[in-house]
Amino acid sequence: MQQAAAPKVSFVSLGCPKALVDSERIITRLRAEGYELARKHDGADLVIVNTCGFLDSAKQESLGAIGEAMAENGKVIVTGCMGAEPEQIEAAYPGVLSITGPQQYESVLDAVHRALPPVHNPHLDLLPPQGIKLTPRHYAYLKISEGCNNRCSFCIIPKLRGDLVSRPANDVLREAEKLVTAGVKELLVISQDTSAYGVDIKYAASAWKDREVRARFFDLAKELGEFGAWVRLQYVYPYPHVDEVIGLMTQGKVLPYLDIPFQHASPGILKAMKRPAAQDKTLARIKQWREQCPELTLRSTFIVGFPGETDSDFAYLLDWLEEAEIDRVGCFKYEPVAGAPSNALGNAVPDAIKQERWNALMARQQKISARRLKRKVGTRQQVIIDEVGPTVSKGRSKADAPGIDGAVYVSSRRPLRTGEIVTAKIERADEYDLHGSVAGF
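As the structure is a prediction and not an experimental result, all values here were calculated from the model.

**A word on the overall build of the protein**
Point 1. For the protein, the count of helices and strands is 12 helices and 20 strands.
Point 2. Expected size for 441 residues packed as a compact globule is a radius of gyration near 22 Å; at 23 Å, the protein falls within 12% of this value.
Point 3. Each principal axis of the C-alpha distribution contributes one length, and for the protein these read about 70 × 60 × 45 Å.
Point 4. For the protein, the proportion of its 441 residues judged to be buried stands at 54%.
Point 5. Restricting to contacts in the protein with at least 6 residues of sequence separation, those with at least 24 account for 73%.
Point 6. Looking at the protein as shown, the accessible area adds up to about 19500 Å², and 53% of this sits on carbon and sulfur atoms.
Point 7. Averaged over its 56 positive side-chain charges, the protein has a centre that lies 4 Å from the centre of its 55 negative ones.

Here it is in structure tokens:
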């Protein structure tokens, strides 16, 4: 008897690492049911597009991806953040098979089953225990919660993804253990608001191995530090209890790296943005963190051109940046997002001024980054290898998150392997990257 061909699904994943985790979950389930992944839309039986709906530019990219899938295939299922407000998609592409919001894995699978029933094959239905990863094998995103309780005036994420829903600590730790067992060397801890982890479940304890672990940011970070992998904390709001985690960094339990989306420094703008956490004492806290953990790397994002931002607000931000010496910075020009309260603030900043401020901030930051990196020349740094080259390989130090920070280019006499962690002697630095040679394995 001839075995029926496995149904083929093509997948597009747009947006942030949190959406990528959603994509991994959907793909894991599909592969478990015997579906195959197709590399091209035209060779697939249907296409799933996981959209991003955070900014208008992201929505345009999502609509473009849906249009491409419709043109090349015609059978399209849409999910993700833009799916939470389906009217725009329905208006542009009335022929899509189904539209669901973020985290609605069951609805996506139901839509796939309706359009393309699975073919059961016991030989194909075998899965690696850690599930399917869309990242390289040596690092993985570990999503600890969904949604967000903050109500920042420029953001519609809570509207799209709902309020904070934390995973039980033992659930997160089980996933982390599976990943490390499967060869993952770096766990990137993510959520919309990582340091708020557990607030919604009153920090409830759950049984892990021979002990109870509370669903607290510090407790979870401490337990993750026991697996022997690099643990990188991302999207951390600077609540007071973040100070506790610095001790884990000095002990080498988690990486000396904090990704904190400060967004601005001017008190007036922060108030208009409705940013959580006491940001008035931030400079003093950064100084204290660095005294305790001199290797600490700080990454942040900022918005320029927010409604009502004056020249003096912007000058305040530049001075603050200079004093804080943030190592890595991403900067966005303010974009009004449909449904965001900040649209009603008035006092819009002209696009030309937004661009000027963006240029000025990035130029200032380039100098700060170059200055911070220059201090590393002559030091030895551990480097995780992402891409292998004939003589020079590209990797990242503990100070670099994948996809958003700089790189370390290392030369080596013997061939290196992807995912290998080597010790490199840093020989020179430029504005964003380090260059050196392997000094130990």
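**A look at the pairing of strand 15 (residues 328-333)**
Point 1. Pairing of strand 14 (residues 297-304) with strand 15, which is carried by six bridges, proceeds in the parallel orientation. By the bridge assignment for strand 15, Arg299 is matched with Arg328.
Point 2. Considered for its hand, the β-α-β crossover made up of strand 14, helix 11 (residues 311-324) and strand 15 is right-handed.

**What about the packing of aromatic side chains?**
Point 1. The tally for this structure, following the rule as stated, stands at six aromatic pairs.
Point 2. Ring geometry for Phe306 against Tyr334: centres 5.2 Å apart, planes inclined by 75 degrees, an arrangement best described as edge-to-face. Residue Phe306 is found in the loop between strand 14 and helix 11, and its partner Tyr334 is found in the loop between strand 15 and helix 12 (351-374); the two are separated by 28 residues along the sequence.
Point 3. The exposure class of Tyr334 is buried, given its relative accessible area of 8%.

**Quick notes on helix 6 (residues 169-181)**
Point 1. In a regular helix each residue adds 1.5 Å, so 13 residues correspond to 18 Å; helix 6 covers 18 Å between its end C-alpha atoms and thus fits that length.
Point 2. Against strand 6 (139-143), strand 9 (186-190), strand 10 (205-208), strand 11 (211-214) and helix 7 (217-224) lie the buried residues of helix 6.
Point 3. Remark: Gly183 follows helix 6 within two positions and exhibits a positive phi of approximately 105 degrees.

**Some details on the environment of Phe262**
Point 1. Note that Phe262 resides in the loop between strand 13 (257-259) and helix 9 (267-273).
Point 2. For Phe262, a relative accessible area of 0% translates into the label buried.
Point 3. A sequence separation of 25 residues divides Phe262 from Tyr237, and the C-alpha atoms of the two residues are 7.7 Å apart.

**Some remarks on the packing of helix 11 against helix 12**
The geometry of a pair of packed helices is captured by two quantities: the angle between their axes and the separation between those axes.
Point 1. In contact at an axis separation of 10 Å, helix 11 and helix 12 are set at 10 degrees when each is read in the N-to-C sense. What the angle tells us is that helix 11 and helix 12 run roughly parallel. Residues Asp311, Phe314, Leu317, Leu318, Leu321 and Glu322 of helix 11 pack against Arg357, Ala360, Leu361, Arg364, Gln365, Ile368 and Arg371 of helix 12.

**Regarding the nonpolar core**
Point 1. In terms of nonpolar packing, the biggest core is built from 52 residues, with Leu224, Leu233, Leu258 and Leu361 touching the most fellow members.
Point 2. Ignoring any residue separated from it by four or fewer positions in sequence, one finds Leu233 in contact with Val189, Phe217, Val245, Met249, Val254, Tyr257, Leu258 and Asp259.

**Re the sheet that holds strand 18 (residues 408-411)**
Working definition: the strands of a sheet are paired by backbone hydrogen bonds and lie parallel or antiparallel to each other.
Point 1. Judged by pairing direction, the barrel is mixed, and its five strands sit side by side in the order 16-17-18-20-19 before closing back on the first. Pairwise comparison of adjacent strand axes, ignoring direction, gives a mean angle of 55 degrees for this sheet.
Point 2. Where strand 18 meets strand 20 (residues 434-440), four bridges bridge the pair, whose relative direction is parallel. Note on strand 20: the bridge partner recorded for Tyr409 is His435.

**Describing the side chain of Glu325**
Point 1. With respect to the helices, strands and loops of the structure, Glu325 is situated in the loop between helix 11 and strand 15.
Point 2. Judged by relative accessible area, Glu325 falls into the buried class, the value being 15%.
Point 3. Here Arg375 takes part through its side chain, which lies 3.1 Å from a polar atom of the side chain of Glu325.

**What to know about the side chain of Thr301**
Point 1. Here Thr301 lies in strand 14.
Point 2. In contact with Thr301, not counting residues within four places along its chain, are Ile260, Pro261, Phe262, Gln263, Gly330 and Phe332.

**What about unusual backbone geometry?**
Point 1. Not every positive phi belongs to a glycine, and Gln263 is a case in point at roughly 70 degrees.
Point 2. Along the polypeptide, Gln263 turns up in the loop between strand 13 and helix 9.
Point 3. Within the chain, Glu325 stands out as a residue other than glycine whose phi angle is a positive 50 degrees.

**Quick word on the pattern of salt bridges**
Point 1. Scanning all chains against the criterion turns up 30 salt bridges.
Point 2. Glu177 is the salt-bridge partner of Lys209, the closest N and O atoms lying 2.4 Å from each other. Of this pair, Lys209 sits in the loop between strand 10 and strand 11 while Glu177 sits in helix 6, and the two are 32 residues apart along the sequence.
Point 3. Exposure remark for Glu177: the relative accessible area of 25% places this residue in the partly exposed category.
Point 4. The residue Arg216 makes a salt bridge to Asp219 at a minimum N-O spacing of 2.7 Å.
Point 5. Through salt bridges that share partners, Arg290, Glu322, Glu325, Asp327, Arg364, Arg371, Arg372 and Arg375 make up one connected network.

What counts and what doesn't
- Residues numbered from 1 in each chain as written.
- Predicted model: local features only at pLDDT ≥ 70, side-chain atom pairs only at ≥ 80, totals over all residues.
- Heavy atoms only, no water.
- Helix = DSSP H or I, 4+ residues; strand = E, 2+ residues; numbered from the N terminus.
- Rg over C-alpha atoms; globule rule 2.2 N^0.38 Å.
- Buried < 20%, exposed > 50% of the residue type's maximum accessible area, 1.4 Å probe, protein only.
- Contact = heavy atoms within 4.5 Å.
- Areas by Shrake-Rupley, 256 points an atom, 1.4 Å probe, with all protein chains shown as cover.
- Lys, Arg positive; Asp, Glu negative; His and termini not counted.
- Charge placed at Lys NZ, Arg CZ, Asp CG, Glu CD.
- Pairing = 2+ DSSP bridges.
- Right-handed = clockwise from strand over helix to strand, strands pointing away.
- Phe/Tyr/Trp six-rings, centres within 6.5 Å; stacked < 30°, edge-to-face > 60°.
- Expected span 1.5 Å × (residues − 1).
- Axes fitted to C-alpha atoms, helices over the stretch in contact; angles between N-to-C directions.
- Parallel < 35°, antiparallel > 145°, perpendicular 65-115°, else oblique.
- Core = buried A, V, L, I, M, F, W, Y, C linked by side-chain atoms within 4.5 Å.
- Polar contact = N/O pair within 3.5 Å; in protein donor to acceptor, adjacent residues only side chain to side chain.
- Salt bridge = Lys/Arg side-chain N within 4 Å of Asp/Glu carboxyl O.

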